[in-house]
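Geometric and topological summary
Given next are the chains, with one letter for each unit.
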Amino acid sequence: MDSLGKCLVIVGLIAMLTAGWTDSLVLVTLSWALIIYAYFRMFSRNIYKRSAENQWYLDKTYKLRLFFARQKNMMQQRKTHHIYKCPVCKQKIRIPRGKGRIEIRCPKCNATFIKKS
């Protein structure tokens, strides 16, 4: 199952759960259509067409996936580093935790500022 298939199944299940709470015929129909289409794609023998559909989906969701990957990376870095912004140019600067009171020099604009790490 590729990325588009996983997305179709997840959206279909969410629509099905929402339809259970709201008794909406439109959501029930949509959820079943998405799940059936996901299974159709999974068992299809036209691999080139399914691959092109998946590539189209990946191209359209690239910026969203990149945003979440960056957020995840920032959260992982916050465990070991402080992340400061330069007051002059707003460049993000990563400093290791536990260094005490330090003077930080921005690599972009060479401004210096003091922070307690």
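Residues numbered from 1 in each chain as written. Predicted model: local features only at pLDDT ≥ 70, side-chain atom pairs only at ≥ 80, totals over all residues. Heavy atoms only, no water.

For the rest of this paragraph, the subject is the overall build of the chain. Counting its regular elements, the chain contains 4 helices and 4 strands. Secondary structure elements of the chain occur, N-terminal to C-terminal, as α-α-α-α-β-β-β-β. Principal axes of the C-alpha set define a box for the chain whose edges measure 60 × 40 × 25 Å. Across the 117 residues that make up the chain, the buried fraction comes to 26%. Here the chain holds 23 positive side-chain charges and 5 negative ones, and the gap between their average locations is 14 Å. (Helix = DSSP H or I, 4+ residues; strand = E, 2+ residues; numbered from the N terminus. Buried < 20%, exposed > 50% of the residue type's maximum accessible area, 1.4 Å probe, protein only. Lys, Arg positive; Asp, Glu negative; His and termini not counted. Charge placed at Lys NZ, Arg CZ, Asp CG, Glu CD.)

This part takes up a nonpolar patch on the surface. Taken together, the side chains of Met1, Tyr39, Met42 and Phe43 define a hydrophobic patch exposed on the protein surface, amounting to about 460 Å² of accessible area. Mapping Phe43 onto the fold places it in helix α2 (residues 25–43). (Patch = residues over 30% accessible without salt bridge, like charges linked within 9 Å, V, L, I, M, F, W, Y side chains within 5 Å. Areas by Shrake-Rupley, 256 points an atom, 1.4 Å probe, with all protein chains shown as cover. Salt bridge = Lys/Arg side-chain N within 4 Å of Asp/Glu carboxyl O.)

In terms of nonpolar packing, the biggest core is built from 9 residues, these being Tyr84, Cys86, Ile93, Ile95, Ile102, Ile104, Cys106, Ala111 and Phe113. Counting residues per element, the ones that place at least two in this core are β2 (92–96) and β3 (101–105). Residues within four places of Ile93 in sequence aside, it is in contact with His82, Ile83, Tyr84, Cys86, Ile104, Cys106, Pro107 and Phe113. (Core = buried A, V, L, I, M, F, W, Y, C linked by side-chain atoms within 4.5 Å. Contact = heavy atoms within 4.5 Å.)

With that out of the way, let us pick up the pattern of salt bridges. A side chain of one charge can pair with a side chain of the opposite charge if their charged atoms are brought near each other. As enumerated under the stated definition, the model contains 3 salt bridges in all. Note that Arg41 and Glu53 form a salt bridge whose closest N and O atoms lie 2.8 Å from each other. Of this pair, Arg41 sits in helix α2 while Glu53 sits in helix α3 (residues 47–60), and the two are 12 residues apart along the sequence. Classification of Arg41 as buried rests on a relative accessible area of 6%. One salt bridge in this structure joins Glu53 and Arg50, with 3.1 Å as the shortest N-O distance. Here Arg50 and Glu53 lie together in helix α3, a separation of 3 residues that amounts to about one turn. Among the residues examined, Glu53 registers a relative accessible area of 18% and is labelled buried. Via salt bridges that share partners, Asp2, Arg41, Arg50 and Glu53 belong to a single interconnected network.

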